[in-house]
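# Architecture at a glance
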Amino acid sequence: MPRWLPRAMVLALVLVACFQLGSWAFHQLIGLLINVLIAFFLALAVEPAVSAMAARGVRRGLATFLVFFGVLCASVGFVVMLGSMLATQIIDMVESFPEYLDSVISWVNTTFRTELSRVEVQDSLLHSDWLQRYVQNSATGVLDISTTVLGMFFRLLTIFLFSFYFAADGPRLRRALCSVLPPARQAEVLRAWEIAVDKTGGYIYSRGLMALISGTAHYVLLEFLNVSYAPALAVWVGLVSQFVPTIGTYLAGALPMLIAFTEDPWYALWVLCFVVIYQQFENYMLQPKLTAKSVDIHPAVAFGSVIAGTALLGAVGALIAIPAVATLQAFLGAYVKRYDVMDDARVRGGVPRSGGGRVLRQMRRALNVGDGPRRR
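These numbers were taken from a predicted model, which means no experiment stands behind them.

What counts and what doesn't
- Residues numbered from 1 in each chain as written.
- Predicted model: local features only at pLDDT ≥ 70, side-chain atom pairs only at ≥ 80, totals over all residues.
- Heavy atoms only, no water.
- Helix = DSSP H or I, 4+ residues; strand = E, 2+ residues; numbered from the N terminus.
- Buried < 20%, exposed > 50% of the residue type's maximum accessible area, 1.4 Å probe, protein only.
- Areas by Shrake-Rupley, 256 points an atom, 1.4 Å probe, with all protein chains shown as cover.
- Patch = residues over 30% accessible without salt bridge, like charges linked within 9 Å, V, L, I, M, F, W, Y side chains within 5 Å.
- Salt bridge = Lys/Arg side-chain N within 4 Å of Asp/Glu carboxyl O.
- Core = buried A, V, L, I, M, F, W, Y, C linked by side-chain atoms within 4.5 Å.
- Contact = heavy atoms within 4.5 Å.
- Lys, Arg positive; Asp, Glu negative; His and termini not counted.
- Expected span 1.5 Å × (residues − 1).
- Axes fitted to C-alpha atoms, helices over the stretch in contact; angles between N-to-C directions.
- Left-handed = near helix turned anticlockwise from the far one by under 90°.
- Bend = angle between axes of the 7 residues up to and from the residue.
- Phe/Tyr/Trp six-rings, centres within 6.5 Å; stacked < 30°, edge-to-face > 60°.

Another point: the overall build of the chain. Across its full length, the chain carries 14 helices and 0 strands. The order of helices and strands in the chain, counted from the N terminus, is α-α-α-α-α-α-α-α-α-α-α-α-α-α. Within the chain, the proportion of its 376 residues that are buried is 27%. Accessible surface, the chain as shown: approximately 26,400 Å² in total, 69% of it carbon and sulfur.

Structure representation (structure tokens):
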């Protein structure tokens, strides 16, 4: 046996073991890595506000704390408003359930000529096997729900802590990263960081402005129709339609339509028409003007990036896909050399004059095949 063979076998085994260990560690830490990625993009989003406050003399740590405190207060207020609205609606539905049941029973008796009573229906529902199984499964699932809520709380706390450190120690982090790179690479890293901050912050702020405009417009409509919980519904429409990609508009409009339908079916129709009209106004007039400088990417590219981000990282990938693609596009655009485009009708979207004649000549030649010798 050659002398190098045992050493090569040991080296191969060590490499395989290192690969297995790295793969196992990556799969164990993928949740933490996703949280760090979310925190990094959140820190990029608040970086302009923190830098503006720091430029006015506020300490960077205090500025970061104030920005995150404002975001936390807004989030808690939104959850409280939405929760109170849902709780009130559930209580109203429970209190009016006997009336609904009486109307359904009377319709069934009139339509199918039966003699049902509410007492019999309630007894059959209360003593049914499926209801007892549902109550048992719900009782056993309380612990799972509590564990899920605690896990989400811990995850949010982790994201906020990492994003706070990234935003507060942004200059120190950039300094530590550039200290291990040559000067030429340092300039590229700082330029990429600046582009990422501009694109991510611009995306968040433009979405926030569109959410404010959308919420205000829908609040005026709901208040005009005298729909209950108009402020909470307006906040719901503004935030969900802008910060939930692709299906956010439909989710945002479904809840106001449902609340309006419980009061008057015609109100739900008016809300549907307004949502459709406002969506067209936002897509073709409002959004291009607000996002022209911040996130200037093609709608097809944005849609494809959302699908790719969802396939890779789920809801998290859908949220960070557009600013990530905008950052990559801007970074590549700064280093890719571009040339002047020649003046041609095909570039302008027209048909060249010689193109039609060439096509006609080809058709004539195809039709004249077999008709005899051609003229020279």
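Picking up after the structure, the text goes on.
Along the chain, leucine 156 turns up in helix α5 (residues 129-168). Separated by 121 residues in the primary sequence, leucine 156 and asparagine 35 have C-alpha atoms spaced 8.5 Å apart.

Attention now goes to a nonpolar patch on the surface. A cluster of nonpolar side chains, Phe26, Leu29, Ile30, Leu32 and Leu33, forms an exposed patch at the surface whose accessible area comes to about 430 Å². For leucine 33, the location among the structural elements is in helix α1 (residues 4-55). On the accessibility criterion, leucine 33 (43% relative accessible area) is partly exposed.

Of all hydrophobic cores here, the largest spans 19 residues; its most connected members are Val227, Leu233, Trp236, Leu255 and Val271. Broken down by secondary-structure element, the contributors of at least two residues to this core are α2 (60-95), α7 (183-224), α8 (230-243), α9 (248-263) and α10 (265-290). For this core, the element with the most residues is α8, which contributes 6 residues. Apart from residues no more than four positions distant in its own chain, valine 271 is found in contact with Leu221, Leu222, Leu225, Pro256, Met257 and Ala260.

A few words now on the side chain of arginine 207. Considering the arrangement of structural elements, one finds arginine 207 in helix α7. No salt bridge is formed by the buried arginine 207, whose closest oppositely charged neighbour, glutamate 282, lies at an N-O distance of 5.2 Å. Beyond its immediate chain neighbours, meaning those up to four positions away, arginine 207 contacts Gln242, Phe243 and Gln287.

Taking 1.5 Å per residue as the helical rise, α8 with its 14 residues ought to reach 20 Å, and the 20 Å between its terminal C-alpha atoms agrees with that figure. Across the 14 residues of α8, 10 count as buried, placing the element largely inside the fold. Buried residues of α8: Ala230, Ala232, Leu233, Ala234, Trp236, Val237, Gly238, Val240, Ser241 and Gln242, and no others.

When the charged atoms of two side chains lie near each other, side chains of opposite charge can form a pair. Summed over the entire model, instances satisfying the criterion amount to 3 salt bridges. Between glutamate 47 and arginine 60 there is a salt bridge, with its nearest N and O atoms 2.6 Å apart. With glutamate 47 in helix α1 and arginine 60 in helix α2, the pair connects residues that are 13 residues apart, well separated along the chain. Close ionic contact of arginine 174 with glutamate 47 constitutes a salt bridge, the shortest N to O distance being 3.8 Å. Here arginine 174 is found in helix α6 (residues 170-178), whereas its partner glutamate 47 is found in helix α1, with 127 residues between them in sequence. Residues arginine 174 and glutamate 47 agree in their burial class; the two are buried. Overlapping salt bridges bring together Glu47, Arg60 and Arg174 as one network.

Between α7 and α8, the shortest axis-to-axis distance is 7 Å and the interhelical angle comes to 145°. Crossing hand, α7 versus α8: right-handed. Touching Ile204, Arg207, Gly208, Met210, Ala211, Ser214, Gly215, His218, Tyr219, Leu222 and Glu223 of α7 are Ala230, Pro231, Leu233, Ala234, Val237, Gly238, Leu239, Ser241, Gln242 and Phe243, all from α8.

What follows deals with α10. For α10, with 26 residues, the first-to-last C-alpha span of 35 Å sits near the 38 Å given by 1.5 Å per residue. Along its length, α10 reaches its greatest deviation from straightness, about 45°, at glutamate 282. Among all positions in α10, only Ala268, Val271, Val275, Tyr278, Gln279, Glu282 and Leu286 are buried. Among the structural elements, α7, α8 and α9 are those in contact with the buried residues of α10.

The full count for this structure, using the stated rule, is 11 aromatic pairs. A centroid spacing of 5.8 Å and a plane angle of 70° characterise the contact between phenylalanine 68 and phenylalanine 160, whose relative ring orientation is edge-to-face. Taken together, the residues phenylalanine 68 in helix α2 and phenylalanine 160 in helix α5 connect sequence positions 92 residues apart. Of the residues examined, phenylalanine 160 reaches a relative accessible area of 29% and is grouped as partly exposed. With a centroid separation of 5.9 Å and 50° between ring planes, the pair formed by tyrosine 278 and phenylalanine 281 is classed as tilted. Here tyrosine 278 pairs with phenylalanine 281, and both are found in helix α10, just 3 residues apart, close to one helical turn. Classification of tyrosine 278 as buried rests on a relative accessible area of 8%.

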